[in-house]
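A closer look at the structure
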Amino acid sequence: NRFIDKIPWVQHSIDVTWEKGLSNVGEIYAMITKCGPCITKCLADENCKACIEALDEIDTRDQVASYRTVVSYESELLRDFSLCILQKNNIFGCSAEVPKIPYVKPLGSFRGKEMTKDIAKGIMIGHLEGCGDAALDGCRELDVSWKVACGANVAYDQFPSQNQLFYPSAKGDTLWYDPVFRVETIDGRNVWCKRHYRVRHEKVPGTFRFSVLDNGVTSDEFWTIVDCAEDLSWIVFHYAGAAGAVGQRYIGGLLCTPDGTLPPESELEKIWDVLRSAEIEPWELFVVDNNDSSPGALEAGPPPLDFYRKTASVIG
């Protein structure tokens, strides 16, 4: 046993496991005494109960299986259930910090000028319409900032039809980030999912701190603009994140374009080198299906791209 040690990335579990022993009893008691009403409401709802039962069948340390299960059944009841048990009361005693390795150097200059927070903000906004002076020259005035062409995190980048919307808040120097993506649920449906992140500048221009409440669990992420074509035809992001309430941490990278298709072959070797600088190899990437005419996309219907944006400009 002296050769066995805890691995922080998979140290914590929100499951009932034999390793916990009598701790399982204490966790169940704490759930009932602190979150009884939320549990009762969830188990009385067919959808919420189905999600809990599905999660019981997997190891929730498997980020791919657990995230796909949650987004297959997400609802306000499930959010309240998770918020009480995991985020507010941390029944399972989980913790996780944003990974600091690898260190990824942000883009230092753009179009011959030293990177600034305003330039970085404009790069993030990309091609989104209606952002006025915050957008850069070359903005195509589309209904999205970027679409994910491929990514390097199996838990998230397997989802098809990934739309990114970055736009300024009405107050201060912050941004909002709304990813809108399609999910093929575990019971065979195609639905749209959306998230609403607050984005703050970090000290070094081109780096950002993202935060979101995702199905009752807060995620904290550090994003880096690694490189971007001067004509805004592609961008490479790196991100590192953690959801402390469930003891999960993650890293990944994204190659994004205005329409979600891969850049031309002549550009790819340079882009692969950029990704390698972030310690991501091309073979690690998952190509995202952004075909709007696919059966799944047609079943899901039009993406709700303005769901948050129409109110965020008011609340700031």
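Each value, and the rule that gives it
Residues numbered from 1 in each chain as written. Predicted model: local features only at pLDDT ≥ 70, side-chain atom pairs only at ≥ 80, totals over all residues. Heavy atoms only, no water. Core = buried A, V, L, I, M, F, W, Y, C linked by side-chain atoms within 4.5 Å. Buried < 20%, exposed > 50% of the residue type's maximum accessible area, 1.4 Å probe, protein only. Helix = DSSP H or I, 4+ residues; strand = E, 2+ residues; numbered from the N terminus. Contact = heavy atoms within 4.5 Å. Disulfide = S-S within 2.5 Å. Polar contact = N/O pair within 3.5 Å; in protein donor to acceptor, adjacent residues only side chain to side chain. Axes fitted to C-alpha atoms, helices over the stretch in contact; angles between N-to-C directions. Parallel < 35°, antiparallel > 145°, perpendicular 65-115°, else oblique. Nonpolar A, V, L, I, M, F, W, Y, C, P; charged D, E, K, R; others polar. Salt bridge = Lys/Arg side-chain N within 4 Å of Asp/Glu carboxyl O.

Quick word on the nonpolar core
In terms of nonpolar packing, the biggest core is built from 51 residues, with F110, I123, F208, F210, W223, I225 and F237 touching the most fellow members. No other element matches the six residues that strand β5 (residues 175-184) contributes to this core. In this structure F237 touches M124, Q164, F166, W223, T224, I225, V226, G252, G253, L254 and C256, once residues within four positions along its chain are discounted. By size, the runner-up hydrophobic cluster in this structure holds 24 residues, among which are L55, L86, F92 and A245.

Some details on the state of the cysteines
All told, the structure shown has two disulfides when counted by the stated rule. A disulfide bridge connects C35 with C84, and the sulfur atoms are separated by 2.1 Å. Classification of the bridge connecting C35 and C84 rests on its S-S torsion, roughly -90°, and on that basis the disulfide is left-handed. Of this pair, C35 sits in helix α1 (residues 23-44) while C84 sits in helix α4 (residues 76-88); the two residues are 49 residues apart in sequence, bridging distant segments of the chain. By the burial criterion, C35 is buried, and C84 matches it. For C42, the disulfide goes to C48, at an S-S distance of 2.0 Å. As the torsion about the S-S bond is roughly -95°, the C42-C48 disulfide counts as left-handed. Residue C48 is classed as buried on the basis of its relative accessible area of 0%. The connectivity of the disulfides in the protein is 1-4, 2-3, where the numbers refer to bonded cysteines in sequence order. Free cysteine C139: the closest other cysteine sulfur is in C131, separated by 6.8 Å.

Brief notes about the side chain of D178
By the element assignment, D178 lies in strand β5. Side-chain polar atoms of D178 contact the side chain of Y167, separated by 2.6 Å. A distance of 2.6 Å separates a polar atom in the side chain of D178 from a polar atom in the side chain of H196. With near-sequence residues (within four places) excluded, D178 lies in contact with N163, Q164, L165, Y167, R195, H196, Y197, Y308 and R309.

Considering the packing of helix α2 (residues 46-56) against helix α3 (residues 63-73)
It is the contact of α2 with α3, at a shortest axis distance of 9 Å, that shows an interaxial angle of 170°. Considering their axes alone, α2 and α3 lie roughly antiparallel with respect to each other. In this structure, α2 uses N47, A50, C51, A54 and L55 to contact α3, whose residues at the interface are S66, T69, V70 and Y73. Across the contact of α2 with α3, the residue classes tally to six nonpolar, three polar and no charged.

Some thoughts on the pattern of salt bridges
If you walk through the whole model with that rule in mind, you get eleven salt bridges. Two residues, E184 and R182, come together in a salt bridge whose shortest N-O distance is 3.8 Å. On the basis of relative accessibility, which here comes to 42%, the residue E184 falls in the partly exposed class. Take R182: its relative accessible area is 1%, and that puts it in the buried class. Across the pair E281 and R276 runs a salt bridge, and its minimum N-O distance is 3.2 Å. With relative accessibility at 35%, the residue R276 sits in the partly exposed group. When salt bridges with common partners are traced through the structure, they connect E269, D273, R276 and E281 into a single cluster.

Observations concerning the side chain of K121
With respect to the helices and strands, K121 occurs in helix α5 (residues 117-125). K121 gets classed as buried once you look at its relative accessible area, which sits at 13%. Side chain to side chain, K121 and D173 meet in a polar contact 3.3 Å long. If we ignore the near neighbours within four places in the chain, the residues touching K121 are D173, L175, H201 and F208.

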